[in-house]
Amino acid sequence: MNASALLPTRPVTRAHDDQDAAAKPVRVNALLAVLALAGTVFAMMQALVIPALPRIQVSLGTNAGGAAWISTAYLLSACILTPVIGRLGDVAGKKRMMLASLATFAAGTLVCAVAGSLGELVVGRVIQGAAGGIYPLAFAIIRDRLPRERVPGGIGLVSSLLGIGGGLGLVLPGPIMTRLSYQWLFWLSLMVIAAALMLAARYIPADGPAEAGARVPWRSSLLMAAGLSAVLIAVSESATWHWTNIKTLGLLVLGAAALLAWGRTEARSSSPLVDMSLMRLRGVWTANAGALLVGVGMYASFLIIPELVQAPARLGYGFGASVTGAGLFMFPTAAVQLILGPLSGRLHRMVSLRTQLIAGQLSCAVAFASLALWHDAAWQVYAATTVLGIGFWLCLVALPNQIVSAVPAARTGSATAVNTVVRNAGGAFGSQLAAAIIVASAQVGTGIPAASGYIGALILCAAATCAGAFVACATPRKNPR
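Residues numbered from 1 in each chain as written. Predicted model: local features only at pLDDT ≥ 70, side-chain atom pairs only at ≥ 80, totals over all residues. Heavy atoms only, no water.

Caption draft 1: Quick look at the overall build of the protein chain. Tallying secondary structure elements over the protein chain gives 20 helices and two strands in all. If you line up the protein chain on its principal axes, its C-alpha atoms span 70 × 45 × 45 Å. Residue burial in the protein chain is summarised as follows: out of 481 residues, 58% are buried. When contacts within the protein chain are restricted to residue pairs at least 6 apart in sequence, those whose partners lie at least 24 apart make up 80%. A distance of 5 Å separates the average location of the 32 positive side-chain charges in the protein chain from that of its 14 negative side-chain charges. (Helix = DSSP H or I, 4+ residues; strand = E, 2+ residues; numbered from the N terminus. Buried < 20%, exposed > 50% of the residue type's maximum accessible area, 1.4 Å probe, protein only. Contact = heavy atoms within 4.5 Å. Lys, Arg positive; Asp, Glu negative; His and termini not counted. Charge placed at Lys NZ, Arg CZ, Asp CG, Glu CD.)

Given below as structure tokens:
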């Protein structure tokens, strides 16, 4: 995507929220293009391994449970490190942390490319998860460095890349693995990450003075990491352990207790990882609740739709699509967001964030419900994934803008990082619950899911995004000036 072609060509002086730093000209086109590239490759890497898991499982001689950790390790690492990196950006400098995140991302991708065992590949995925801070850092940089009137459009453009990258991550593995080994998924990504790192070093403006007296509360961070790890492992393993298993319930209880202790510690801290007083603001808690619910639908769709279309037609549903064909069914979701992304700034000027969120969540709900009812013809699936693209775009554009408009500039990184973590947690929960519904419908003796399983999973997604529309009704009616 050529983001630079959509923005003004003249240099602009740096922005409004970081007045203490030395004012230098900012090349807006180049800055947004670099942030767009970094965001796209991170989002793509989240989904890139999903179609490749069967090939990786065979190549490494592991079972489905072991292969699942390739995705779980990345999710855990990203959820734990994203708030820490977001806060470090506020404390130590956003450019410094962006470069560190991209360098770590490159190192993890290299480890994955040369991995010869499941353990090595999981380690590489954990290292890659450090790049989870790219999005909150990008939002904070945009807020600091762009002219005020261009901040909503810039944030919307970069945020919409989350859906675009996820869609591309499902489309690209098929053609690549047709001729090359799965390792090339990582080698090709590494080239893009290296380019993003070099361009970021050149075009992201230098950091201004650090926030006075700010620090990262490492004890609090460990409590948060323990709580999130316990909850997400329980959710990720629920399909294997089952929800009523003592291990699942025990981890959920331990995680909840650790997160409660973390919240109390944060409330008493003079320099918290997450400012709990901000989390109670109407513009913030509604954005986080909306992110949780849209995350359920978004990430579950990456599981449900490819599996549905790859099912053999002889079962009475499905189209017997290949990995490449399944990716093409999801392509409209990414293509719509790619086309609409440049309109983010204009949308913000014309329509309130509240309206965007309600329309986005309802669009997703309609798409999921229609696919649950009608999935006999390919055009019905393409129509549903197109509407999903519109819904995801509206939500992904509005949610970070709502956070940014509600919190002080010095808390942009940490506040948007929490929103990212909440969305990922919703995605983990939604994916596992959808998988459990599909597996539970399997016929005894064959293990083949029934059509009712996919219908039930799609109804779950429709219900979650419909609930998201109700939550969006509580957001402020007018965009802040």
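Caption draft 2: Structural view of the nonpolar core. Core analysis: the largest hydrophobic core is formed by 127 residues, its most contacted members being Leu35, Met98, Phe105 and Ile304. No other element matches helix α1 (residues 28–48), which puts 15 residues into this core. Formed by six residues, the second largest nonpolar core is a distinct cluster that contains Leu347, Trp393, Leu394 and Val397. (Core = buried A, V, L, I, M, F, W, Y, C linked by side-chain atoms within 4.5 Å.)

Caption draft 3: Spotlight on the pattern of salt bridges. A full pass over the atoms with the stated rule returns one salt bridge. Note that aspartate 144 is salt-bridged to lysine 94, the shortest N-O span being 3.0 Å. Note that aspartate 144 is positioned in helix α6 (residues 134–145) and lysine 94 in helix α4 (residues 94–114), a separation of 50 residues in sequence. No difference in accessibility class separates aspartate 144 from lysine 94, as the two residues are buried. (Salt bridge = Lys/Arg side-chain N within 4 Å of Asp/Glu carboxyl O.)

Caption draft 4: Spotlight on the side chain of threonine 385. Along the chain, the position of threonine 385 falls in helix α18 (residues 378–406). The class of threonine 385 is buried, set by a relative accessible area of 0%. Polar contacts involving the side chain of threonine 385 include one to the main-chain carbonyl oxygen of phenylalanine 329, which spans 3.1 Å. Residue contacts for threonine 385: discarding those within four places in its chain leaves Ile305, Phe329, Met330, Pro332 and Thr333. (Polar contact = N/O pair within 3.5 Å; in protein donor to acceptor, adjacent residues only side chain to side chain.)

Caption draft 5: Representation of the packing of aromatic side chains in the model. In the structure shown here, the tally under the stated rule is eight aromatic pairs. Pairing phenylalanine 42 with phenylalanine 105 gives two aromatic rings, centres 6.1 Å apart and planes at 65°, and the pair type is edge-to-face. Of this pair, phenylalanine 42 sits in helix α1 while phenylalanine 105 sits in helix α4, and the two are 63 residues apart along the sequence. On the basis of relative accessibility, which here comes to 3%, the residue phenylalanine 42 falls in the buried class. Note on phenylalanine 105: relative accessible area 0%, which makes it buried. An aromatic cluster is defined as three or more aromatic residues linked by ring pairs; in this entry it consists of Phe42, Tyr74, Phe105, Tyr135 and Phe139. (Phe/Tyr/Trp six-rings, centres within 6.5 Å; stacked < 30°, edge-to-face > 60°.)

Caption draft 6: Layout of the packing of α1 against α4. Two numbers describe how α1 lies on α4: the axes approach to 12 Å, and their chain directions differ by 35°. Note that α1 runs across α4; the crossing there is left-handed. Contacts between α1 and α4 pair Leu35, Ala38, Val41, Phe42 and Met45 from the former with Met98, Leu102, Phe105 and Thr109 from the latter. Partitioning the contact of α1 with α4 into residue classes produces eight nonpolar, one polar and no charged. (Axes fitted to C-alpha atoms, helices over the stretch in contact; angles between N-to-C directions. Left-handed = near helix turned anticlockwise from the far one by under 90°. Nonpolar A, V, L, I, M, F, W, Y, C, P; charged D, E, K, R; others polar.)

Caption draft 7: Main features of the packing of α6 against helix α7 (residues 151–171). Viewed as axis vectors pointing N to C, α6 and α7 meet at an angle of 165°, and their least axial separation amounts to 9 Å. In terms of their interaxial angle, α6 and α7 are classed as roughly antiparallel. In terms of crossing hand, the pair formed by α6 and α7 is right-handed. Of the residues in α7, those touching α6 at Tyr135, Ala138, Phe139, Ile142 and Arg143 are Val151, Gly154, Ile155, Val158, Ser159, Leu161 and Leu162. (Parallel < 35°, antiparallel > 145°, perpendicular 65-115°, else oblique.)

Caption draft 8: Structural view of a nonpolar patch on the surface. On the surface, Leu180, Trp184, Leu188, Met191 and Val192 cluster together into a nonpolar patch covering about 400 Å² of accessible area. As for its placement among the helices and strands, tryptophan 184 is situated in helix α9 (residues 183–203). Classification of tryptophan 184 by relative accessible area gives partly exposed; the value is 33%. (Patch = residues over 30% accessible without salt bridge, like charges linked within 9 Å, V, L, I, M, F, W, Y side chains within 5 Å. Areas by Shrake-Rupley, 256 points an atom, 1.4 Å probe, with all protein chains shown as cover.)

Caption draft 9: The confidence of the model for the protein chain, seen in detail. Averaged over all residues, the pLDDT of the protein chain is 81; the fraction at 70 or higher stands at 91%. Low pLDDT (under 50) marks residues 1–23, which in the prediction has 51 contacts with non-local residues, meaning those over four places away or in another chain. (pLDDT = per-residue confidence, 0-100.)

Caption draft 10: Quick look at the environment of proline 136. Mapped onto the fold, proline 136 is located in helix α6. With 328 residues separating them in the primary sequence, proline 136 and alanine 464 have C-alpha atoms 25 Å apart. Those residues in contact with proline 136, other than ones at most four positions away along the chain, are Thr82, Gly413, Thr416, Ala417 and Thr420.

Caption draft 11: Looking closely at the state of the cysteines. Applying the stated criterion to the full structure yields zero disulfides. Its sulfur unpaired, cysteine 395 is 5.0 Å from the next cysteine sulfur, which belongs to cysteine 364. Cysteine 466 supplies the cysteine sulfur nearest to cysteine 473, a cysteine that is in no disulfide, at a spacing of 9.8 Å. (Disulfide = S-S within 2.5 Å.)

Caption draft 12: Quick look at the environment of alanine 321. Here alanine 321 shows up in the loop between α14 (282–310) and α15 (323–340). Along the sequence, alanine 321 and glutamate 307 sit 14 residues apart, while their C-alpha atoms lie 9.2 Å from each other. Residue contacts for alanine 321: discarding those within four places in its chain leaves Val309, Gln310, Ala326 and Phe329.

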